[in-house]
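So you can see what is in the structure, the chains are spelled out below.
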Amino acid sequence: MKLDPVTLAILGNKLAAVSEEMCLTLQRTGRTLYVKETADFACALAGLDGRFFAYPRSIGVSGFVGLECGPAIAAVGTLEPGDVILTNDPYRSEGLATHLPDLHMIEPYFHNGKIVAYGWCFVHCSDVGGRVPSSISPVNTEIFQEGLRIPPVKLMKKGEMNPDVALFLNANSRTPDANMGDIRAMLAALAAGRRRLEQTISQHGAETVSAAAVDLVAYSAEKARTVLKRVPAGTYSFDDYLDDDAATRLPVRVALSATFADGEVHLDFTGTDPQVSTAMNIPSRGRPHAWLTLRVLALVNTLDPTTPLNVGMLAPVKITAPEGSLVNPQEPAAVGVRHAAAIRVNDVLNGAFGKALPDVMPAASSGTVIPVVMAEPDGHGGRRVQVIEPMIGGTGARKGRDGIDGRDSGISNLANNPVETVEAELGIEITTYALRPNSGGAGQWRGGCGMELTFRVLTDDSNVLGRGLERLLFRPWGSNGGRPGMPGQLILNRGTEREKHLGKIDVLTVNSGDTVTFLTPGAGGWGHPAARDPQAVLQDVANGFVTIEAAASDYGVAIVDGVVDAVKTESLRKGMVASTVVNGQGVERERWDQAFPASVMDGLNRSLVALPGSVRQRRRREIFDAVLAELPEGFPRVAATQTAVNAARQRLEAAAGSL
């Protein structure tokens, strides 16, 4: 049965509205700040194949369209009305869950004794046990350290909560009451979806609604292929780096070749580093997973906003993600900070697509999402655990548009937490929550500014965690002559004699009176800065996005007594030389690529990923230690002589050849 276009459009809107009502129910009944304010959750309707045919556009995490419920459903066996599946295990759910704090629920929706669809929802909960408060640590080395693993099990049986499952949940969390509050909100969301779907069936008939679930996916697939046919055929390659793996000083490479042909795209991540021994691995299971395909969704929806948001958008996408690599790790790899690697995957997709569509794709966004967590003593031997803010930077500039300041929805559309709400929940005083001047990359169109968050701690023996600190070394790149954004920083007690500049942290212990400052990266600029309209630069200065000094040094615009001095500006701009590189990645990345060229790294990583897991990381470490021994301490922040760079590259080439 194939529906006519009018009926399909009506049902498409109705079913999407069901998923959005589920999300609204979840948000309004949720217990924690991360649900009520940040909106780190999502809901959807899945077909009999376990894939989403209706997904909300305007609330919750927008990028999980490609997740699959099928393996989790199959794992529990026969389902009855009132049953609800719960899981958080990335490996046993085959990538539905991607780290342990994300609790996923699935409920079968029955009509006349038969399953007609599934309701799905997830929330990021406060704590599922593990080594540190909030469960996520970048330096965990295996998933067993990250908290309670919940294989697909029935939390609800025939409408009654399984007391044994609830007991395990409560016994393995520092925040059992908060968790259970959010779990009950999830159950309420699934119930709302069940009622609304039944109402839709009563209006249109079960056969028609079931046909819509299939036709909507096919329609999205058709529209996605039409969009991708507009991309010039060819293979476009790009690579980028995480600063390090949080345990060593070795950067972590993400490489991609995107091949477009006849309305399809093949994303090949061969050349990406092997899985790391810390928590940044992405458990994709080698599928066109949500974390590996987000930029495809963005591209399709940008070029055709009428495309229904469902799994059909990924039908034209093929994936090669070598097993044992960062983007397809082998169990029991730790995955808690997988979002840091997912953001870099998004950046390489953006960079590769930008080579195909330079006038469409933006420069790099800030490249980081940092859920800043506070765990403070509760006075009864335990700890209160809350997210202060999900800190982000800015959005990359694109042809004709500046980037968005302090807003980056590259991998999610999380909201910020109101300062008043945070201060009511935690013993801190937020002294600064503002945009960071001069952080956006200069360009004809300016990159979005990063953010500053400074808070004063009011309780002794508190812990601060900042998962996903990135772009402290390798900057968000500019495009088409634009300059890179400013790197991030983390500073303890800034402006005092106790000031300390920190890198990545695991658990930072702070006491009453300490201040903590997070400075997030700015995004890349687009186009030569000297081509920017001087009046736009003047407006940036007036708005506090750019200082007068940076207007002169970065844009060649002289501002005197609040107006542009045309004569001085012309003189300054005569001395500005346009960049000859497509992507301005910053001096640190340029130095790194001289010693570790992409062509050699591609071959080295192919060989490393092919090694047994027990030796893969050891061999990589040995090779990099030998190569870096030729370079100065602090490289690539510190420059090396050409002789040292040549020696390092020769060692790398020899190591790659020996493998």
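Right, let's walk through the structure included here. What you are looking at is a predicted structure, and each value in this text was computed from that prediction instead of being measured.

**Re helix α16 (residues 642-658)**
Taking 1.5 Å of rise per residue, 17 residues should cover 24 Å, and α16 covers 24 Å from first to last C-alpha, within 8% of that figure. Taken together, the buried positions of α16 are Ala644, Val645, Ala648, Leu652, Ala655 and Ala656. Buried residues in α16, looked at end-on, bunch into an arc of 105°, giving them a common side. Turned more than 90 degrees from where α16 packs its buried face, Thr643, Gln650, Ala654, Gly657 and Ser658 sit exposed.

**Points about the pattern of salt bridges**
In the structure shown here, the tally under the stated rule is 43 salt bridges. Where glutamate 94 meets arginine 285, a salt bridge forms, and the shortest distance between an N and an O atom there is 3.4 Å. On the criterion of sequence distance, the pair formed by glutamate 94 in the loop between β3 (84-87) and β4 (102-111) and arginine 285 in the loop between β10 (264-268) and α7 (290-303) is long-range, its members being 191 residues apart. Owing to a relative accessible area of 28%, glutamate 94 belongs among the partly exposed residues under this scheme. Judged by its relative accessible area of 28%, arginine 285 is partly exposed. Among the ionic pairs, aspartate 347 bridges to arginine 471, the shortest N-O distance being 2.9 Å. Of this pair, aspartate 347 sits in helix α8 (residues 338-356) while arginine 471 sits in the loop between β16 (462-466) and β17 (478-479), and the two are 124 residues apart along the sequence. A single network of salt bridges, built from pairs that share partners, joins Asp239, Asp240, Asp244, Arg253, Arg344, Asp347, Glu470, Arg471, Lys504, Arg589, Asp593 and Asp602.

**Here we look at the environment of valine 564**
Looking at the secondary structure, you find valine 564 in strand β23 (residues 563-564). Discounting chain neighbours no more than four positions away, the residues touching valine 564 are Pro534, Gln535, Leu538, Val557, Ala558 and Thr569.

**Considering the nonpolar core**
Ranked by size, the top nonpolar core spans 83 residues in total, and within it Tyr55, Phe64, Ile106, Trp120, Leu267 and Phe353 carry the most contacts. The leading source of residues in this core is α8, at ten residues. Counting 54 residues, the second largest nonpolar core, distinct from the first, contains Ala54, Val165, Ala166 and Ala213.

**Points about the sheet that holds strand β18 (residues 489-492)**
Reading across from one edge, β14-β15-β21-β18-β19 is the order of the five strands in this open sheet, with antiparallel pairing throughout. Two strands close off the open sheet at either side, each with one partner strand: β14 (428-435) and β19 (500-502). On average, adjacent strands in this sheet sit at an angle of 15° to one another, irrespective of strand direction. Where β14 meets strand β15 (residues 451-457), seven bridges bridge the pair, whose relative direction is antiparallel. The partner of glutamate 429 across the bridge, within β15, is arginine 456.

**Thoughts on the sheet that holds strand β9 (residues 252-261)**
Spatial ordering of the open sheet is given by β8-β9-β10-β11, a layout of four strands whose pairing is mixed. Each of the sheet's edge strands pairs with one partner strand only, and the pair in question is β8 (234-242) and β11 (317-320). Averaged over all adjacent pairs, the angle separating strand axes in this sheet is 20°, with direction ignored. Two elements, β10 and β11, share four bridges in a ladder whose sense is parallel. Looking across to β11, one finds that aspartate 268 is bridged to threonine 320. Taken strand by strand, α8 contacts β8, β9 and β10, and its axis lies near 145° from that of β8.

**Focus on the state of the cysteines**
Counted under the stated rule, the structure contains zero disulfides. Counting only cysteine sulfurs, cysteine 43 is the nearest neighbor of cysteine 23, a cysteine outside any disulfide, at a range of 3.8 Å. Its sulfur unpaired, cysteine 125 is 13 Å from the next cysteine sulfur, which belongs to cysteine 121.

**A look at the packing of aromatic side chains**
Taken as a whole and judged by the stated rule, the model has 17 aromatic pairs. Put simply, the rings of Phe52, Tyr55, Phe64, Trp120, Phe122 and Trp291 pair up and form one aromatic cluster.

**Section: the packing of α7 against α8**
Interhelical geometry of α7 versus α8 gives an angle of 45° and a closest axis separation of 8 Å. Relative to α8, the element α7 is oriented oblique. For α7 against α8, the interelement crossing comes out right-handed. Contacts between α7 and α8 involve Trp291, Leu292, Thr293, Leu294, Arg295, Val296 and Leu299 from the first element and Arg338, Ala342, Val345, Asn346, Leu349, Asn350 and Phe353 from the second. Class assignment of the residues belonging to the contact of α7 with α8 gives a composition of nine nonpolar, three polar and two charged.

**Let's talk about the pairing of strand β5 (residues 114-124)**
Within β5, nine of the eleven residues are buried, leaving the element largely enclosed by the surrounding structure. The pairing of β4 with β5 spans ten bridges and is antiparallel. Residue pairing in the sheet places methionine 105 in a bridge with cysteine 121 of β5. Where β4 hands over to β5, the hairpin turn is made up of two residues, of which asparagine 112 adopts a positive phi near 55°.

**Observations concerning the packing of helix α1 (residues 5-29) against helix α6 (residues 206-228)**
It is the contact of α1 with α6, at a shortest axis distance of 10 Å, that shows an interaxial angle of 95°. The angle between α1 and α6 falls in the class roughly perpendicular. Counted together, Thr7, Leu8, Leu11, Gly12 and Leu15 of α1 and Thr208, Val209, Ala212, Asp215, Leu216 and Tyr219 of α6 form the full contact between these two elements. Of the residues in the contact of α1 with α6, the class split is seven nonpolar, three polar and one charged.

**Side note on unusual backbone geometry**
Cis peptide bonds are those with omega within 30 degrees of zero, and the linkage from glutamate 331 to proline 332 qualifies with 10°. Locating proline 332 in the fold gives a position in the loop between β11 and α8. In this model, phenylalanine 635 is joined to proline 636 through a cis peptide bond whose omega is 10°. Mapping proline 636 onto the fold places it in the loop between α15 (613-628) and α16. With phi around 65°, alanine 39 is a residue other than glycine that occupies positive phi space. Residue class for alanine 39 comes out buried when judged on its relative accessible area of 7%. Non-glycine residue aspartate 561 carries a positive phi angle of around 55°. Along the polypeptide, aspartate 561 turns up in the loop between β22 (559-560) and β23.

**Notes on helix α14 (residues 598-610)**
The end-to-end C-alpha separation of α14 is 18 Å, in line with the 18 Å expected for 13 residues at 1.5 Å each. When α14 is considered as a whole, its buried residues turn out to be Val600, Met601, Leu604, Asn605, Leu608 and Val609. Seen from one end, α14 has its buried residues packed into an arc of 150°, which puts them on one side. Exposed residues on α14 whose side chains face more than 90 degrees from its buried face are Ser599 and Ala610.

**Regarding the pairing of β10**
On β10, burial follows the alternation: Val265 and Leu267 on one face are buried, whereas Glu264, His266 and Asp268 on the facing-out side are not. Bridge count between β9 and β10: five bridges; the pairing is antiparallel. In the sheet register, threonine 259 faces β10, and the bridge partner there is histidine 266. If you look at the hairpin formed by β9 and β10, you'll find two residues sitting between the two strands, and aspartate 262 has a positive phi there, around 55°.

Conventions and cut-offs
- Residues numbered from 1 in each chain as written.
- Predicted model: local features only at pLDDT ≥ 70, side-chain atom pairs only at ≥ 80, totals over all residues.
- Heavy atoms only, no water.
- Helix = DSSP H or I, 4+ residues; strand = E, 2+ residues; numbered from the N terminus.
- Expected span 1.5 Å × (residues − 1).
- Buried < 20%, exposed > 50% of the residue type's maximum accessible area, 1.4 Å probe, protein only.
- Arc of directions from axis to C-beta.
- Salt bridge = Lys/Arg side-chain N within 4 Å of Asp/Glu carboxyl O.
- Contact = heavy atoms within 4.5 Å.
- Core = buried A, V, L, I, M, F, W, Y, C linked by side-chain atoms within 4.5 Å.
- Pairing = 2+ DSSP bridges.
- Axes fitted to C-alpha atoms, helices over the stretch in contact; angles between N-to-C directions.
- Disulfide = S-S within 2.5 Å.
- Phe/Tyr/Trp six-rings, centres within 6.5 Å; stacked < 30°, edge-to-face > 60°.
- Parallel < 35°, antiparallel > 145°, perpendicular 65-115°, else oblique.
- Left-handed = near helix turned anticlockwise from the far one by under 90°.
- Nonpolar A, V, L, I, M, F, W, Y, C, P; charged D, E, K, R; others polar.

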